[in-house]
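Coordinate inspection notes
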Amino acid sequence: MAYTILRFKKNKGGAIAGCERHNERKKEAYKSNPDIDINKSKENYHIIQAPQYTYGRKIKELIKKYGCKTRKDSVKLVEALITASPEFMNKLEPKEQKEYFTRATEFIKAEIGEDRIISAVVHMDEATPHMHLVFCPINKEGKLSAKSILGNQKSLSQWQTKYYEYMNERWKELERGKSAQETKRKHIPTWLFKLADNLDYLYNQLQKTIENISMIGMKKDKAQAVSLLSQFVPKTQKFSVKVNSYNDYIQELEERVNIQKSNNKELIDENTQLKNKIVDKDFETDVKLRNMQNQVKKYEKYIKKVPKEILDEIEAKEREREHNKEKEMEL
């Protein structure tokens, strides 16, 4: 089965610069995302060309143009990820792939207004071709309000339905997948799994470095430990917040798995295989999240042993880094 895919992500403040660096491939390397083949990045292309300057500057121009009122925590950029099931996208010829993304862009234009769109770039350097379309969420009344454009879960489901119907007019084999509202399944972002692996690596490096300090007392190792901690502590905080946000979902998954296992005993063989797949998927997700919870506990216990003056120094550096990001956005 081939499904249309349209997902939205809201961005505030410093996150906008990171979004731009990723979308427009402004990094020299992408160690955090091994799926990117930089040798193929030259094959990426724009449906709507990005501004010659930064996303941040373009956002400021739009806000000034429409006289929008803003708050410090205002959502100033919405990113739409547009693609389809891998088996569908990868079977299309390049010309038809471009037609798919062009048609999707026309849909977004009609919904939010063409002048609000900042960039629409197609990435051909990852496993499945996909497009990142970013826009400033200024509504038809000229107010900066991502909420009024995207709405709640019900509104997002309506977005998905309209998008599917529009794309299905051209490609009849496309189907609309069940929404998260219907399946009660949450999307666990890929970056969270990658961050988990990266934190495990940093944790093991710290263990080795600190062992060397205790054995030979080298200043070089102490400096390296502080450098590693400067990466490890902020990332652990981000990881902890995200994983803890799934606490209720983990309990819900466990209940679903138990109920479904019980129900399976009464199912005929034809349906049992399908139901077991659902159970296995929920169980697998539950185990992964449980493992992440254990990681959080281990890391937090470790950070408690770090001297307060070092943690204060790391926190000050992190505040300075965030401040510099905000200044960068204003340029």
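Scroll up to find the structure this text is about.
The structure contained in this document is the topic of the report that follows. Bear in mind that the values here come from a model prediction, so they are computed numbers and not experimental data.

Remarks on the overall build of the chain
Secondary structure summary: the chain contains 12 helices and 6 strands in total. Per-residue burial over the chain gives 41% buried out of 331 residues. Summarising the internal contacts of the chain: among those between residues at least 6 apart in sequence, 76% fall at separations of at least 24. Accessible area of the chain: about 20,000 Å², with a carbon and sulfur share of 50%.

Some thoughts on the state of the cysteines
What the rule picks out here adds up to 0 disulfides. Unpaired in this structure, Cys 68 has its nearest cysteine sulfur neighbour in Cys 136, at a distance of 6.6 Å. For Cys 68, a relative accessible area of 12% gives the class buried.

Things to note about helix α2 (residues 55-66)
Look at α2: 17 Å from first C-alpha to last across 12 residues, which is about the 16 Å you get at 1.5 Å a residue. Buried residues of α2: Tyr 55, Gly 56, Ile 59, Leu 62 and Ile 63, and no others. Projected down its long axis, α2 carries its buried residues within an arc of 125 degrees, all on one side. Exposed positions of α2 whose direction lies more than 90 degrees from the buried face are Lys 64 and Lys 65.

Section: the nonpolar core
Generally speaking, nonpolar side chains in soluble globular proteins are found buried as a group. If you look at the biggest cluster of nonpolar residues, it comprises 33 residues, and the most contacted ones within it are Ile 82, Phe 88, Tyr 100, Ile 108 and Leu 133. A per-element tally of this core places helix α4 (residues 94-112) first, with 6 residues. For Leu 133, the contacting residues outside a window of four places in its chain are Val 78, Glu 79, Ala 80, Ile 82, Thr 105, Ile 108, Ile 117, Ser 119 and Ala 120. If you look at the next biggest cluster of nonpolar residues, it comprises 26 residues, including Ile 188, Phe 232, Val 233 and Tyr 302.

A closer look at the pattern of salt bridges
Going through the model one piece at a time under the given rule, you end up with 18 salt bridges. In this structure, the salt-bridge partner of Glu 114 is Lys 109, at a minimum N-O distance of 3.6 Å. Taking relative accessible area as the criterion, Lys 109 reaches 18% and is therefore assigned buried.

What about the packing of aromatic side chains?
Within the structure shown, the criterion is met by 14 aromatic pairs. Aromatic rings pair up to connect Phe 8, Phe 107, Trp 159, Tyr 163 and Tyr 166 into one cluster. Cation over ring: Arg 57 sits above Tyr 53, and NZ or CZ is 4.2 Å from the ring centre. A cation over a ring is seen here: Lys 298 above Tyr 203, with NZ or CZ 4.6 Å from the ring centre.

So, the environment of Thr 209
Counting through the fold element by element, Thr 209 comes out in helix α8 (residues 190-216). The class for Thr 209 is buried, based on a relative accessible area of 3%. Taking the C-alpha atoms as reference points, Thr 209 and Val 226, 17 residues apart in sequence, are found 9.9 Å from one another.

Conventions used here
- Counting from 1, residues in each chain are numbered in the order their sequence is written.
- Selection of residues for local features in this predicted model requires a pLDDT of at least 70, selection of side-chain atom pairs for listing and counting requires 80 or more, and totals for whole chains, interfaces and linings are taken over all residues.
- The side-chain quantities take in all heavy atoms of the structure and omit both hydrogens and water.
- Helix numbers and strand numbers start at the N terminus; a helix is a DSSP run of H or I with at least 4 residues, a strand a run of E with at least 2.
- Relative accessibility under 20% of the residue-type maximum defines a buried residue, over 50% an exposed one, and the middle range a partly exposed one, all with a 1.4 Å probe and only protein chains included.
- Any two residues whose heavy atoms approach within 4.5 Å are treated as being in contact.
- Accessible areas in this description were obtained via Shrake-Rupley with a 1.4 Å probe; residue shielding takes into account the shown protein chains only.
- A pair of sulfur atoms, both from cysteines and within 2.5 Å, is called a disulfide here.
- Each residue after the first adds 1.5 Å to the expected span of a helix.
- Throughout, the arc means that of the directions going from the helix axis to the C-beta atoms.
- Working definition of a nonpolar core: buried Ala, Val, Leu, Ile, Met, Phe, Trp, Tyr and Cys residues. They are joined through side-chain atoms within 4.5 Å.
- For this analysis, a salt bridge means a side-chain nitrogen from Lys or Arg found within 4 Å of a carboxyl oxygen belonging to Asp or Glu.
- Between the rings of Phe, Tyr and Trp (Trp by its six-membered ring), a pair exists once the centres lie within 6.5 Å; its type follows the angle of the planes, with under 30 degrees stacked, over 60 edge-to-face, and the other angles tilted.
- Throughout this description, the term charge over a ring refers to an Arg CZ or Lys NZ atom that lies within 6 Å of the ring centre and within 35 degrees of the ring normal.

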